[in-house]
Amino acid sequence: MENSSYNSLTLQLEGLKVTKTSKYPVFICLLIIYVFIFVANVGILLLIWTDRSLHQPMYLLFCNLSINDIMGNSLLVPRVLSDILRPPSERLISYYECLMQAFTTHMFGTNAHTVLMIMAFDRYVAICNPLRYAAIMTNKMVVKLTVSAWGVAFVLVAVLLSLTVRLNRCRTVITNPYCDNPSLFKLSCESSFINNIYGLTFTVVLLSSSIGSIVLTYAKITVVCVTSKSKSLNSKALKTCSTHLCLYLIMLVSGMILITLHRFPDVSEYRKIAALLFNVVPGSLNPVIYGLQSQEIHKKVSKLVILSQLSFTISTLPSRQASHRNKDRDVLWEEKICWSSPALPLALYERRVAVCLIGVSVEKRAGAAFRPQRDWRKRGRRGAEVPLYRPNDLTGQGPG
């Protein structure tokens, strides 16, 4: 099938070579990883978007990395999953879909570098110029940095693929689990000297600017931390910069392994695995590392977990109906008994907080709207106090 047609619009993906006994475990493992990437990155995005306290330049810039991970994996991994269950002869793909995959692949890798570069600039301003940080890192500056990161990546990748599209194709087999630029220009029987020169220049410029900016930024941050005697500044720099540096090293090592293996045709199977890991490893580790190291995100996630536990505890508590007569009308409340539950964390007992933190679940059958008061009383329409059920604070026992 190598020379079956000229400029064919239907290509064949070689994909991963898996046996009949191993294809389902590989499929399930890769599916779990993809679901985790999608859920974790979307969760980080929603958390930052909905919580106004996280609307800071550092977190807003990190959103670009999450979007990049979602985009890069969502357009590649589902196709790889479907090809695993197909026989090799049926792994066909159209040329234009292959171009889209190649564009997505290179945008994913290039954009990871550019986004981490602007995140390094943010950390430099925050640590080396803390007094001017608010004046420099405004919302307008965040938008400029984001547009520049995506714009530079788009231009570089568009030129890269435009040089490949001009070549005539005399082969149809792509020896990769998905399409990328080297796999596409290897389909041509014409000279790809210009493609190789631009690809090499593109790689050298991207890596040199990325590594150079990271080294320069962290060198200045290190000088500031060494000369400063502030323990809080050094602690802040260590936490934020170690997270950023860890993400950068994961992405850099994954990309360097893939670029190196492309130069050795004899290790094609290792190259396929490396090409797949280049997408899934950074995408799965980025939200985990950033979420664990970022103190504010860690607090928000812990708070959501505790609130979900409290909600579940309240839903399992018994209910009690109490009828109270007011001067105007009869009011019937259905309220949850707010005694403390052994399922609650110990920290809540230490703060003398019961399930009622979330609020009493009250269904009003008649009367005015209910608003819980500090003294657990509800005032009637004419100001008359109607006593409600109140548990003992520490024992959790209701009145006999």
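Peer 1: How would you explain the layout of surface pockets if you had to name every residue and give the values?
Peer 2: Space inside the largest pocket adds up to approximately 700 Å³. The wall of the largest pocket is formed by 28 residues, among which His106, Pro182, Thr203, Ile259 and Arg263 lie closest to the centre. Listed by contribution, the elements that provide at least two residues to the lining of the largest pocket are α4 (95–128), α7 (181–185), α8 (193–227) and α9 (231–261). Here the residues of the lining of the largest pocket sort into 13 nonpolar, 12 polar and 3 charged.

Peer 1: How would you summarise the state of the cysteines if you had to cite specific residues and measurements?
Peer 2: Here the structure, examined in full by the defined rule, presents 2 disulfides. The residue that forms a disulfide with Cys98 is Cys179, at a sulfur-sulfur distance of 1.9 Å. Around the S-S axis, the bridge from Cys98 to Cys179 shows a dihedral of about -110 degrees and counts as left-handed. On the criterion of sequence distance, the pair formed by Cys98 in helix α4 and Cys179 in the loop between β3 (173–174) and α7 is long-range, its members being 81 residues apart. Each member of the pair Cys98 and Cys179 is classed as buried. The partner cysteine of Cys170 in its disulfide is Cys189, sulfur to sulfur 1.5 Å. Looking down the S-S bond of the Cys170 and Cys189 bridge, the torsion is 85 degrees, so its handedness is right-handed. Within this pair, whereas Cys170 is found in the loop between α6 (139–165) and β3, its partner Cys189 is found in the loop between α7 and α8, the two being separated by 19 residues in sequence. Of note for the protein: the bonded cysteines, numbered N- to C-terminal, pair according to 1-3, 2-4.

Peer 1: Got a sec to walk through the packing of helix α1 (residues 23–50) against helix α2 (residues 57–74)? Specific residues and values, please.
Peer 2: The relative placement of two packed helices comes down to the angle between their axes together with the axis-to-axis distance. Their axes nearest at 9 Å, the elements α1 and α2 cross at an angle of 150 degrees. For the element pair α1 / α2, the angle class is roughly antiparallel. For the crossing formed where α1 meets α2, the hand is left-handed. Across the interface between the two elements, Tyr34, Ile37, Phe38, Asn41, Val42, Ile44, Leu45 and Ile48 from α1 touch Tyr59, Leu60, Phe62, Cys63, Ser66, Ile67, Asp69, Ile70, Asn73 and Ser74 from α2. Across the contact of α1 with α2, the residue classes tally to 13 nonpolar, 4 polar and 1 charged.

Peer 1: Before we move on, can you summarise the side chain of Asn68 with the specific residues and values?
Peer 2: The topology assignment puts Asn68 in helix α2. Looking at Asn68, the relative accessible area reads 1%, which means it is buried.

Peer 1: Could you give me a rundown of the confidence of the model for the protein, with the residues and numbers involved?
Peer 2: The predicted model of the protein has a mean per-residue pLDDT of 76, with 74% of residues at 70 or higher. Confidence, expressed as mean pLDDT per element, reaches its minimum in the protein at strand β6 (residues 363–364) with 37 and its maximum at α6 with 94. Taken as a whole, residues 319–400 scores under 50 in pLDDT and shows 126 contacts with residues more than four places along the chain or in a different chain.

Peer 1: Just give me the short version of the sheet that holds strand β2 (residues 92–94), but keep the residues and values in it.
Peer 2: Backbone hydrogen bonds hold the strands of a sheet together, and the pairing may be parallel or antiparallel. The strand order β2-β1-β3 describes an open sheet built from 3 strands, whose pairing is mixed. If you trace the sheet from one side to the other, it starts and ends with β2 and β3, each paired once. Bridge analysis of strand β1 (residues 10–13) against β2 gives 3 bridges, and the strand direction is antiparallel. Each bridged residue has a counterpart across the sheet, and for Leu11 the counterpart in β2 is Ile93. The strands touched by α4 within the sheet are β1, β2 and β3, with β2 carrying the most contacts at an inclination of about 85 degrees.

Peer 1: Can you break down the pairing of β1 residue by residue, with the values?
Peer 2: Of the pairings in the sheet, the one linking β1 to β3 comprises 2 bridges and is parallel in character. Across the sheet, Leu13 pairs through a bridge with Ile174, a residue of β3.

Peer 1: Give a detailed account of the environment of Ser53, specifying residues and quantitative values.
Peer 2: Here Ser53 is to be found in the loop between α1 and α2. Relative accessible area serves as the criterion here: at 34%, Ser53 is assigned to the partly exposed category. One polar contact links Ser53 to Asp51, side chain to side chain, over a distance of 2.6 Å.

Peer 1: How would you summarise the packing of aromatic side chains if you had to cite specific residues and measurements?
Peer 2: For the structure shown, the criterion picks out 5 aromatic pairs. Their ring planes at 80 degrees and their centres at 5.6 Å tell us that Phe103 and Phe154 sit as a pair that is edge-to-face. Of the two residues, Phe103 sits in helix α4 while Phe154 sits in helix α6, which places them 51 residues apart along the sequence. A residue is classified by how much of its surface remains accessible, and Phe103, at 21% relative accessible area, is partly exposed. Their ring planes at 10 degrees and their centres at 6.2 Å tell us that Tyr198 and Phe202 sit as a pair that is stacked. Remark: Phe202 and Tyr198 occur in helix α8; sequence separation between them is 4 residues, near one turn of the helix. Taking the relative accessible area as the measure of exposure, Phe202 reaches 10% and is therefore buried. In this structure, Arg169 packs its charged tip against the face of Tyr95, placed 3.6 Å from the ring centre.

Quick notes on the rules
- Residues numbered from 1 in each chain as written.
- Predicted model: local features only at pLDDT ≥ 70, side-chain atom pairs only at ≥ 80, totals over all residues.
- Heavy atoms only, no water.
- 1 Å grid on protein atoms, 1.4 Å probe; cavity = no way out; pocket = protein on both sides within 12 Å on 5 of 7 lines; lining within 4 Å.
- Points joined across faces, edges and corners; volume = space filled by probe spheres on them.
- Helix = DSSP H or I, 4+ residues; strand = E, 2+ residues; numbered from the N terminus.
- Nonpolar A, V, L, I, M, F, W, Y, C, P; charged D, E, K, R; others polar.
- Disulfide = S-S within 2.5 Å.
- Buried < 20%, exposed > 50% of the residue type's maximum accessible area, 1.4 Å probe, protein only.
- Axes fitted to C-alpha atoms, helices over the stretch in contact; angles between N-to-C directions.
- Parallel < 35°, antiparallel > 145°, perpendicular 65-115°, else oblique.
- Left-handed = near helix turned anticlockwise from the far one by under 90°.
- Contact = heavy atoms within 4.5 Å.
- pLDDT = per-residue confidence, 0-100.
- Pairing = 2+ DSSP bridges.
- Polar contact = N/O pair within 3.5 Å; in protein donor to acceptor, adjacent residues only side chain to side chain.
- Phe/Tyr/Trp six-rings, centres within 6.5 Å; stacked < 30°, edge-to-face > 60°.
- Lys NZ or Arg CZ within 6 Å of the ring centre and 35° of its normal.

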